[in-house]
Amino acid sequence: MNFNKAKVLYVKEIKDASRDRGTLLTVFILPLILYPLLFLVSGLLINMMNKSEEKLVPTIAIAKISENQSIVSLFKKSSKVQVISSLNPMEDVKEGKILAVIEAPSNIDAQLLDEKSVPVTIYYDETNRMSVKAKNIVSQLLEEYEKEIINQRLTRRNLDKSFLNVIGIEEISVSSKQKRAGFIIGVLVPYLLVILLYTASMNTATDITAGEKERKTIETLLASNIR
């Protein structure tokens, strides 16, 4: 390649691109103004969706557990979920009729009273946002129920619940809100600018190659060693 000719062509193309208002708009104005605005709007929309989902009470079903078990009354009394009956709960979860299914041994209370470890299975659809939310709520309720059972076992042994808390870890950040915001902006903005400027510059690169070919000029041939 003749680098002197390539340099001339490069300078020429840069001048052409800088004279074109459309190119300047695409390369600089859109990445710096429009794209951040699009990210802001998308963030607001996601926030609105999350708030609307928080108001919804997910429906769940309980399988293979007797109605007189305490874990059943735990979920029925909770205002975070709605327990409904289902003849085929697994299929209903797949079809989206219910959002999660809890499965445990039918005599779970007796096993817990014997201080055994009881397996509890949660079935959900990971492709459904509300089903994932239902799974998280059920897991949280089960964790609270587990803590209650542990406290009962400690009480029977005359042990305080602090017996299980060997080390209390507390994490405190000393940075201010302004510093945290500056850190996030400093990390994200450079990457966004590089990616967006590169994406916008592809229009100019495409015009230099495919555009030259369509116009039957092929100025890039001048940079070759052809005499």
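Since we're looking at a predicted model, the values are computed, not measured.

Cut-offs and rules
- Residues numbered from 1 in each chain as written.
- Predicted model: local features only at pLDDT ≥ 70, side-chain atom pairs only at ≥ 80, totals over all residues.
- Heavy atoms only, no water.
- Helix = DSSP H or I, 4+ residues; strand = E, 2+ residues; numbered from the N terminus.
- Expected span 1.5 Å × (residues − 1).
- Buried < 20%, exposed > 50% of the residue type's maximum accessible area, 1.4 Å probe, protein only.
- Polar contact = N/O pair within 3.5 Å; in protein donor to acceptor, adjacent residues only side chain to side chain.
- Phe/Tyr/Trp six-rings, centres within 6.5 Å; stacked < 30°, edge-to-face > 60°.
- Lys NZ or Arg CZ within 6 Å of the ring centre and 35° of its normal.
- Lys, Arg positive; Asp, Glu negative; His and termini not counted.
- Salt bridge = Lys/Arg side-chain N within 4 Å of Asp/Glu carboxyl O.
- Contact = heavy atoms within 4.5 Å.
- Pairing = 2+ DSSP bridges.

Engineer: Run through helix H6 (residues 129-156), naming residues and quoting values.
Structural biologist: Over its 28 residues, H6 runs 41 Å from end to end, which matches the ideal 40 Å to within 8%, given 1.5 Å per residue. Restricting attention to buried positions, one finds in H6 the residues Met 130, Ser 131, Lys 133, Ala 134, Ile 137, Val 138, Leu 141, Leu 142, Tyr 145, Ile 149 and Leu 154. The N-cap of H6, judged by a side-chain oxygen 3.0 Å from the amide nitrogen of Met 130 a few residues on, is Asn 128. With its phi angle positive at about 60°, Asn 158 sits one or two positions after the end of H6.

Engineer: Tell me what's going on with the packing of aromatic side chains, and back it up with residues and numbers.
Structural biologist: In this structure the tally under the stated criterion is 0 aromatic pairs. The ring of Tyr 124 has Lys 135 sitting right over it, with the charged end atom 5.1 Å from the ring centre.

Engineer: Which residues make up the side chain of Asp 92, and what are the values?
Structural biologist: Inspection of the secondary structure puts Asp 92 in helix H4 (residues 89-95). The buried charged residue Asp 92 lacks any salt bridge partner; its closest oppositely charged side chain belongs to Lys 97, at an N-O distance of 4.3 Å. At 2.3 Å, the side chain of Asp 92 and the side chain of Ser 86 are in polar contact. Ignoring any residue separated from it by four or fewer positions in sequence, one finds Asp 92 in contact with Ser 86, Lys 97 and Ile 98.

Engineer: Account for the pairing of strand S3 (residues 100-103), with residues named and values stated.
Structural biologist: On S3, burial covers both faces: Ala 100 and Ile 102 on one face and Val 101 and Glu 103 on the other are all buried. Across 4 bridges, strand S1 (residues 59-63) lies against S3 in parallel orientation. Bridge assignment links Ala 63 to a residue of S3, and that residue is Glu 103. The sheet contact formed by S3 and strand S4 (residues 121-124) spans 4 bridges and is antiparallel. When the sheet's bridge partners are listed, Ala 100 is paired in S4 with Tyr 124.

Engineer: So what's going on with the pattern of salt bridges? Residues and values would help.
Structural biologist: Scanning the model with the defined rule gives 6 salt bridges in all. Two residues, Glu 67 and Lys 76, come together in a salt bridge whose shortest N-O distance is 2.7 Å. On the basis of relative accessibility, which here comes to 57%, the residue Glu 67 falls in the exposed class. Across the pair Lys 94 and Glu 91 runs a salt bridge, and its minimum N-O distance is 4.0 Å. Of this pair, Lys 94 and Glu 91 are both found in helix H4, 3 residues apart, which corresponds to roughly one turn of the helix. Looking at Glu 91, the relative accessible area reads 33%, which means it is partly exposed. If you follow the salt bridges from partner to partner, you end up with Glu 115, Arg 156 and Arg 157 in one network.

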